[in-house]
Amino acid sequence: MMMQLALIPTLMRKFFPMTNVIQHYAWGSTSSINQLFDIKNPSGEPQAEVWMGAHSNGCSTVGHGDYATKLSTLIDCNPRLFLSDRVANRFGELPYLFKILAAEKALSIQVHPNKTQAEQGFALEQQQGIPLDAGNRNYKDPNHKPELVYALTQYQAMNGFRSIEQIIANFNQLAITEFETWLDALRANPTPQGLATFFSALLSMTGQTKEQALAKLSDYSRRYSTHHVKHSASQSDAPLFALIAELEQQYPGDVGLFAPLLLNVITLQPGQAMFLDAETPHAYIKGTGLEIMANSDNVLRAGLTPKYIDVEELIACTRFDEKPFDSLLLQPNEADDILDYPTPVDDFKFAIIQRSHQRVMHTNSAEILLPLDHSMTLTHQDGESSVIEKGLSVFIPAYAQSYQIECTGRVARAYS
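Note that the structure is predicted; figures quoted are calculated from it, not measured.

J.: Just checking my understanding: could you explain the overall build of the chain for this structure?
T.: In terms of helices and strands, the chain carries 13 helices and 23 strands. For the chain, whose C-alpha radius of gyration is 23 Å, the value lies close to the compact-globule estimate of 22 Å for 416 residues. Seen through its principal axes, the chain has C-alpha atoms that stretch 70 × 50 × 40 Å. Within the chain, the fraction of its 416 residues that count as buried is 55%. Nonlocal contacts in the chain, meaning residues at least 24 apart in sequence, comprise 75% of its contacts between residues at least 6 apart. Across the chain, 31 positive and 45 negative side-chain charges occur, with their mean positions spaced 2 Å apart.

Shown next as structure tokens:
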């Protein structure tokens, strides 16, 4: 109560500069965030993610006067005022988490459950009494986790299944005897159900079968990517097997090394974006970008990780539909130098404001702005102003309604 009383005089502020949590995951880059945004890294630790939002595992703080308050605490003072009636009624909290993500090594291959699956799975594990921090816990909350990534550098990722025809062709090249029975079944039944059976069998390999299959994959990938041995493959496959050889250096003996043969591999160029659906396997491999997602921690892993993999639950929460490569890029709607990236979810929206001179922006929800190239100046009609440096962010409550922005470079906008 004391904290809330202390916050009351600040409620009419329109701009809340944020101090954000940096997550030092082992796969992160030690240099990229520093080079792009001048965010210091004196200890030389991996700077994997900068979290901008109100998530409990890394909540931003906002400074005002002598107080530094968690953004979640500020919003909780009056969710309808800060988020809008619409968002407060629908979500009850800031419904998205905004990140800068810098990957030096690949992240785990993962699938996120849809909303219904998350609600049911969370309720069941709560009933079973599995602690939230348990290694075998699948559902940390009852929410889905759709994501959008916007590339700041070249950004390599995997997203969605290749065509079944291409998957069969890729595994045919390897001629791994351990797969022949499963491949025969997929050839005879080239359907989503057939692919589900094949994927489940691959992930469930153990013992000598797994060791021998991975040894043959490793041998083929190294020889083909290093010496461009053609065998029955085309020369254009060299980057694919080079990637597998690279991933093996990071995750030796991991069944996820087969993933590039199953999933689309794409390298986003700076300024390109991609949406990652629920129930779709994906992985970030290397690069720095912006990511916005629904406020959730639910991850079902499928490889490239030492962590728990629940194959049965993963298969139940995966759609085994082919995802055409030419559908991966998210095309923005452009108007007045603003690139608006359409998403099929209500939790978040994302836009890039390319340049602004006294541009007036209108808002009907809470939003977070992040200048990418140069500092920006925000001004409200009541006279309040704020200068936000490149790589720092600002929270703007719904009650601000409108503001003016001045910036010679790009500004990323997260809102709902």
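J.: Hey, could you run me through unusual backbone geometry in this one?
T.: Working note: non-glycine residues mostly have negative phi, and peptide bonds are mostly trans. If you check the backbone angles, Ser84 has positive phi at about 100 degrees while not being a glycine. Here Ser84 is to be found in the loop between α4 (79-83) and α5 (85-90). Overall, the relative accessible area of 11% leaves Ser84 in the buried class. Phi at Glu279 is positive, roughly 65 degrees, even though this residue is not glycine. Mapped onto the fold, Glu279 is located in the loop between β11 (273-276) and β12 (282-294).

J.: What's the story with helix α7 (residues 164-174) in this structure? I'm lost.
T.: Within an α-helix, residues lying three or four positions from one another point in the same direction, as the helix has 3.6 residues per turn. Residues of α7 that are buried: Ile164, Ile167, Ile168, Asn170, Phe171, Gln173 and Leu174. Immediately beyond the C-terminal end of α7, within one or two residues, lies Ala175, with a positive phi of roughly 50 degrees.

J.: What should I look at first to understand the side chain of Arg413 in this one?
T.: If you trace the backbone, Arg413 turns up in strand β23 (residues 411-415). At 2.9 Å, the side chain of Arg413 forms a polar contact with the side chain of Glu367. Leaving out residues up to four positions away in the same chain, Arg413 has contacts with Lys349, Phe350, Ala351, Ile353, Met361, His362, Thr363, Glu367, Ile368, Leu369 and Tyr403.

J.: I keep staring at the pairing of β23 and nothing clicks. Help me out?
T.: Regular strands show a simple pattern: their side chains alternate between the two faces of the sheet. Within β23, 5 of the 5 residues are buried, which leaves it mostly tucked inside the rest of the structure. The alternating pattern of β23 places Val411, Arg413 and Tyr415 on one face and Ala412 and Ala414 on the opposite face, and all of these are buried. As paired elements, strand β16 (residues 349-353) and β23 share 5 bridges and run antiparallel to each other. Opposite Ala351, over in β23, you have Arg413 as the bridge partner. Alignment of strand β18 (residues 367-371) against β23, held across 4 bridges, turns out to be antiparallel. Opposite Pro371, over in β23, you have Val411 as the bridge partner.

J.: Before we go on, may I ask you to explain the side chain of Thr288 in this structure?
T.: With respect to the element layout, Thr288 can be found in strand β12. Setting aside residues up to four positions removed in sequence, Thr288 forms contacts with Ser32, Leu36, Ile100, Leu101, Ala102, Ala151, Leu152, Thr153, Gln154 and Tyr155.

J.: Honestly, the confidence of the model for the chain in this entry has me stumped. Any pointers?
T.: Caution applies to low-pLDDT parts of the model: their predicted coordinates are not meant to be read in detail. Taken residue by residue, the chain gives an average pLDDT of 92. The fraction at 70 or more is 94%. Across residues 1-9, where pLDDT falls below 50, the model places 10 contacts with residues more than four positions away in sequence or in other chains. Low confidence marks residues 229-235, where pLDDT is under 50. Its contacts with residues over four positions away, or in another chain, come to 15 contacts.

J.: Help me understand the layout of surface pockets, please; the structure alone is not making it clear to me.
T.: Remark: the empty space left among the atoms is shown by a probe the size of a water molecule rolled over them. Size it by volume and the largest pocket reaches roughly 1,000 Å³. Classifying every residue of the lining of the largest pocket gives 18 nonpolar, 10 polar and 13 charged.

Basis of the calculations
Residues numbered from 1 in each chain as written. Predicted model: local features only at pLDDT ≥ 70, side-chain atom pairs only at ≥ 80, totals over all residues. Heavy atoms only, no water. Helix = DSSP H or I, 4+ residues; strand = E, 2+ residues; numbered from the N terminus. Rg over C-alpha atoms; globule rule 2.2 N^0.38 Å. Buried < 20%, exposed > 50% of the residue type's maximum accessible area, 1.4 Å probe, protein only. Contact = heavy atoms within 4.5 Å. Lys, Arg positive; Asp, Glu negative; His and termini not counted. Charge placed at Lys NZ, Arg CZ, Asp CG, Glu CD. Polar contact = N/O pair within 3.5 Å; in protein donor to acceptor, adjacent residues only side chain to side chain. Pairing = 2+ DSSP bridges. pLDDT = per-residue confidence, 0-100. 1 Å grid on protein atoms, 1.4 Å probe; cavity = no way out; pocket = protein on both sides within 12 Å on 5 of 7 lines; lining within 4 Å. Points joined across faces, edges and corners; volume = space filled by probe spheres on them. Nonpolar A, V, L, I, M, F, W, Y, C, P; charged D, E, K, R; others polar.

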